[in-house]
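Spelled out from the first residue to the last, the chains are:
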Amino acid sequence: ATHVDCFVGHSWSSPRWMKILAICHHLNLGLATVSSALMSVLTAVILVVSKGSFNDVAQMPQIQLYTYLVFWPMGVFLLAYFFGHLCGSKTFWF
């Protein structure tokens, strides 16, 4: 490669999982945060539109709301955090 966006130097004595998390954090944190926030807003809008009003959404079972408004955006965050670099064009060596 003639161009590298990121070079990660590391100690061979540190655990592999720490190096992987450092790379994911450096490359994917912004994407994961934006993706999760957008999914939260989109989910809330879809819920309000499908139910008709905020009051109708508030009457939904708590576990259902928790699943839609917490678990779903958190899942999107984790997917983007761990695998977002696979969709990007940045190159890196380590």
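Residues numbered from 1 in each chain as written. Predicted model: local features only at pLDDT ≥ 70, side-chain atom pairs only at ≥ 80, totals over all residues. Heavy atoms only, no water.

Our focus in this paragraph is the side chain of Ser36. Along the polypeptide, Ser36 turns up in helix H1 (residues 16–51). Ignoring anything within four residues of it in the chain, the contact list for Ser36 reads Pro73, Val76 and Phe77. (Helix = DSSP H or I, 4+ residues; strand = E, 2+ residues; numbered from the N terminus. Contact = heavy atoms within 4.5 Å.)

The principal kink in H1, of about 65 degrees, is found at Asn28. Turning to H1, its buried residues are Lys19, Ile23, Cys24, Leu27, Asn28, Ala32, Ser35, Ser36, Met39, Thr43, Leu47 and Val48. Once H1 finishes, Gly52 follows within two positions and takes phi at roughly 105 degrees, a positive value. (Bend = angle between axes of the 7 residues up to and from the residue. Buried < 20%, exposed > 50% of the residue type's maximum accessible area, 1.4 Å probe, protein only.)

Taken as a whole and assessed by the stated rule, the structure comprises three aromatic pairs. With a centroid separation of 5.0 Å and an interplanar angle of 80 degrees, the aromatic rings of Tyr66 and Phe71 are classed as edge-to-face. The interplanar angle of 85 degrees and the centroid separation of 5.3 Å between the aromatic rings of Tyr81 and Phe82 together place this pair among those described as edge-to-face. Judged by relative accessible area, which is 12%, Tyr81 ranks as buried. (Phe/Tyr/Trp six-rings, centres within 6.5 Å; stacked < 30°, edge-to-face > 60°.)

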